[in-house]
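Coordinates in review
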Amino acid sequence: MTISIITNHDNDPIPWVQSLKQVDPSLDIRIRPDDKKRADVTFALCWKQPDGVLKEYPNLECICSMGAGVDHLFNDPFFPEHLPVIRIIDPLLTRSMFEYICATALYLIRDIDRYTAQQRQSRWQVHRYATMKETTIGIMGLGKLGAYAAENLSRLGFTVRGWSNTLKHIKGVATYEADRLEPFLSGTDILVCLLPLTDQTRGLLNRTLFDHLPEGASLINVGRGAHLVEADLLAALDTGQLSRACLDVFSTEPLPADHPFWRHDRILVTPHCSSITDPDSVALQIVKNYRLMEKGAPLINQVDMARGY
Ligand code: GLV
């Protein structure tokens, strides 16, 4: 019984081996492509595996994402859909996402980009700002990450609303369900996308949606690049329908050097760093799931394949 780590350059597998071994030194862990006896591998720990490689493991019993999202697994047209898929749910990951949203929301309301530009010109000019309470943050997606961010942004003093597929109840947060997207958007000053990427949510951040926001609203995208129609964002920034965007995820990552987002003065680009899985923090849940899989017991944090998250 072997665990194989199958990942691309985004994720260094070595710290993962160390963290897993620290939890259980008896584990046999290999890193693809040096996992020659692929018939021994029952558990694959994956991040953006190359298309089709999972077919080389005839005895796989479980696939575990190395992050909170699982869409990167399903991009593979040969993904073995009959196998159970598990994902990471981790308090540190959840907290980091909240911290990134705080940082960018404050960056937006306190005009940090304008002051950075002014500093480059030695220009002393004060702008009026909205307080947290005067600012409504609207969070799309109230799963583990979204619900935590919503509740804690509200505690911090922002006015917060949330939109999700099924109605959620979160302390201090006005919640809207799927068919109330327009009323949700109409009072949102800063829209945060924390949705999972599915066929239903792909391309949802588009011109029609932006037109339902108040003029001059801002966008923080920490979901996936494919949620956003990039040309529609550029057009909305041009007309002033949107004032600014903070983007951490992109359709193509790394963002190509000639992409217009890099040089746009009202877009903040960060390199998919809002919330990075810490192998030390998640090793225990992975090992627990591996042992549950061996016993044929129900797994923790298993993905509902019909929903896609
Ligand atoms: C990061 O994008 C993740 O899915 O954890």
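Quick caveat, the model's predicted, so the values are computed rather than measured.

About the thresholds
Per chain, residues are indexed from 1 in the order of the written sequence. Only residues with pLDDT of at least 70 are given local features in this predicted model, and only at 80 or more are side-chain atom pairs given and counted; all residues enter the totals for whole chains, interfaces and linings. Calculation of side-chain values draws on the structure's entire complement of heavy atoms; hydrogens and water are dropped beforehand. In DSSP terms, a helix is any run of H or I states spanning at least four residues, a strand is any run of E spanning at least two, and both are numbered starting from the N terminus. To get the radius of gyration, use the C-alpha atoms; to get the globule rule, take the number of residues to the power 0.38 and multiply by 2.2 Å. Exposed residues in this analysis have more than 50% of their type's maximum accessible area, buried residues have under 20%, and partly exposed residues fall in between, with area computed by a 1.4 Å probe over protein chains only. Whether two residues are in contact is decided by their heavy atoms: any pair within 4.5 Å suffices. Computed with the Shrake-Rupley method and a 1.4 Å probe, the accessible areas treat only the protein chains shown as cover for residues. Positive charges come from Lys and Arg, negative ones from Asp and Glu, while His and the chain ends are left out of the count. Taken as the charge location is NZ of Lys, CZ of Arg, CG of Asp or CD of Glu. We count a salt bridge whenever a side-chain nitrogen from Lys or Arg sits within 4 Å of a carboxyl oxygen from Asp or Glu. Pairing between two strands requires that DSSP report at least two bridges joining them. The convention used is that axes are lines fitted to C-alpha atoms, helices contributing only their stretch in contact, and that angles between N-to-C directions extend from 0 to 180 degrees. Here, proximity means that at least one heavy atom of the residue falls within 4 Å of the molecule or strand. Within 3.5 Å is the distance limit for a polar contact, defined as a pair of N or O atoms, with the added protein rule that one can donate a hydrogen and the other accept it, and that residues adjacent in sequence qualify only through two side-chain atoms. Polar here means any residue other than Ala, Val, Leu, Ile, Met, Phe, Trp, Tyr, Cys and Pro, which are nonpolar, and Asp, Glu, Lys and Arg, which are charged; Gly is therefore polar. The nonpolar core is taken to be a set of buried Ala, Val, Leu, Ile, Met, Phe, Trp, Tyr and Cys residues, with the residues joined through side-chain atoms within 4.5 Å. Angles below 35 degrees are treated as roughly parallel, those above 145 as roughly antiparallel, those between 65 and 115 as roughly perpendicular, and all remaining angles as oblique. Here is the rule for handedness: rotate from the far helix to the near one, and if that takes an anticlockwise turn smaller than a right angle the crossing is left-handed, while a clockwise turn gives right-handed. An automatic or database domain assignment supplies the start and end points of every domain. Two parts placed together each lose some accessible area under a 1.4 Å probe, and adding up what both lose gives the buried area.

**Overview of the overall build of the protein chain**
The number of helices and strands found in the protein chain is ten helices and twelve strands. Taking 19 Å as the expected radius of gyration for a compact globule of 309 residues, we find that the protein chain reaches 21 Å, a close match to that expectation. Counting only C-alpha atoms, the protein chain reaches 65 × 40 × 35 Å along its principal axes. Of all 309 residues assigned to the protein chain, the portion counted as buried reaches 50%. Across the protein chain, the fraction of contacts at a sequence separation of at least 24, relative to all contacts at a separation of at least 6, is 61%. By element, 53% of the accessible surface of the protein chain is carried by carbon and sulfur atoms, the whole surface being about 15100 Å². Counting 32 positive and 37 negative side-chain charges, the protein chain places the averaged centre of each group 5 Å from the other.

**A few points about the pattern of salt bridges**
For the coordinates displayed, the defined rule picks out 18 salt bridges. Arg291 serves as the salt-bridge partner of Glu294, at 2.8 Å between the closest nitrogen and oxygen. Separated by three residues within a single helix, Glu294 and Arg291 lie in helix H10 (residues 279-295), roughly one turn from each other. Overall, the relative accessible area of 33% leaves Glu294 in the partly exposed class. Connected via shared salt-bridge partners are Arg32, Asp35, Arg38 and Glu56.

**Regarding the sheet that holds strand S4 (residues 62-65)**
Across a sheet, strands are paired by hydrogen bonds formed along the backbone, either parallel or antiparallel in direction. Spatial ordering of the open sheet is given by S2-S1-S3-S4-S5, a layout of five strands whose pairing is parallel. Of all the strands in the sheet, the pair left with one neighbour each is strand S2 (29-31) and strand S5 (85-86). When S4 meets S5, the two strands line up parallel, connected through two bridges. Note on S5: the bridge partner recorded for Cys64 is Ile86. Its contacts with the sheet put helix H1 (residues 13-23) on strand S1 (2-7), S2 and strand S3 (41-47), and the angle it makes with S2 is roughly 180 degrees. Across the sheet, H10 is in contact with S1, S3, S4 and S5; its angle to S3 comes to roughly 150 degrees.

**Re the site of the ligand**
Near the ligand, the surroundings consist of Trp47, Gly67, Ala68, Gly69, Arg224 and His272. Between an oxygen atom of the ligand and a main-chain N or O atom of Gly69, the distance comes to 2.7 Å. Protein chains bury 87% of the 190 Å² of accessible surface belonging to the ligand in isolation. Here the residues of the shell around the ligand are counted per class, giving two nonpolar, three polar and one charged.

**Details of the nonpolar core**
Among the nonpolar cores identified, the biggest contains 28 residues, and Met140, Phe210 and Leu233 are the most heavily contacted of them. Only helix H6 (181-186), strand S9 (190-193), helix H7 (207-212), strand S10 (217-221), helix H8 (230-239), strand S11 (242-247) and strand S12 (267-269) provide two or more residues apiece to this core. When neighbours within four sequence positions are excluded, Leu233 is seen to be in contact with Phe210, Leu219, Leu228, Leu242, Ala245, Leu247, Phe261 and Ile267. Core analysis: the next-biggest nonpolar cluster, separate from the first, contains 26 residues, Leu108, Leu153, Val160 and Val192 among them.

**Concerning the packing of helix H3 (residues 91-109) against helix H5 (residues 144-156)**
Across the interface, H3 lies against H5 with an axial gap of 9 Å and an inter-helix angle of 50 degrees. Accordingly, the angle class assigned to the pair H3 and H5 is oblique. Like other packed secondary-structure pairs, H3 and H5 cross with a definite hand, here right-handed. Mapping the contact onto sequence places Leu93, Thr94, Arg95, Met97, Phe98, Ile101 and Cys102 in H3 and Lys144, Leu145, Tyr148, Ala149, Asn152, Leu153 and Leu156 in H5. Here the residues of the contact of H3 with H5 sort into ten nonpolar, two polar and two charged.

**So, unusual backbone geometry**
Residue Pro33 is reached from Arg32 by a cis peptide bond, and omega for that bond is 10 degrees. Its identity as a non-glycine residue notwithstanding, Ser122 has a phi of 50 degrees, on the positive side. Tracing the sequence through the fold places Ser122 in the loop between helix H4 (112-120) and strand S6 (136-140). For Ser122, a relative accessible area of 70% translates into the label exposed.

**Digging into the sheet that holds S12**
Here seven strands make up an open sheet; going across it, the order is S8-S7-S6-S9-S10-S11-S12 and the pairing parallel. A strand with exactly one partner marks an edge of an open sheet, and here the two such strands are strand S8 (173-177) and S12. Strand-to-strand twist of the sheet, defined as the mean angle between neighbouring strand axes without regard to direction, takes the value 15 degrees. Sheet topology note: the S11/S12 ladder contains three bridges and is parallel.

**Side note on the domain arrangement of the protein chain**
Segmentation of the protein chain into domains returns domain 1 (2-90 + 277-295) and domain 2 (94-269). Computed over C-alpha atoms only, the centres of domain 1 and domain 2 are separated by 32 Å. Contacts between the two partners involve nine residues from domain 1, matched on the other side by seven residues from domain 2. Between domain 1 and domain 2, roughly 540 Å² of surface is buried when both sides are summed, and carbon and sulfur atoms account for 44% of that area. The largest contributions to the domain 1 side of the interface with domain 2 come from Asp71, Ile89 and Asp90, which together make up 58% of the buried area. Remark: the boundary between domain 1 and domain 2 carries two salt bridges. The interface formed by domain 1 and domain 2 includes two residue pairs in polar contact (both at pLDDT 80 or more).

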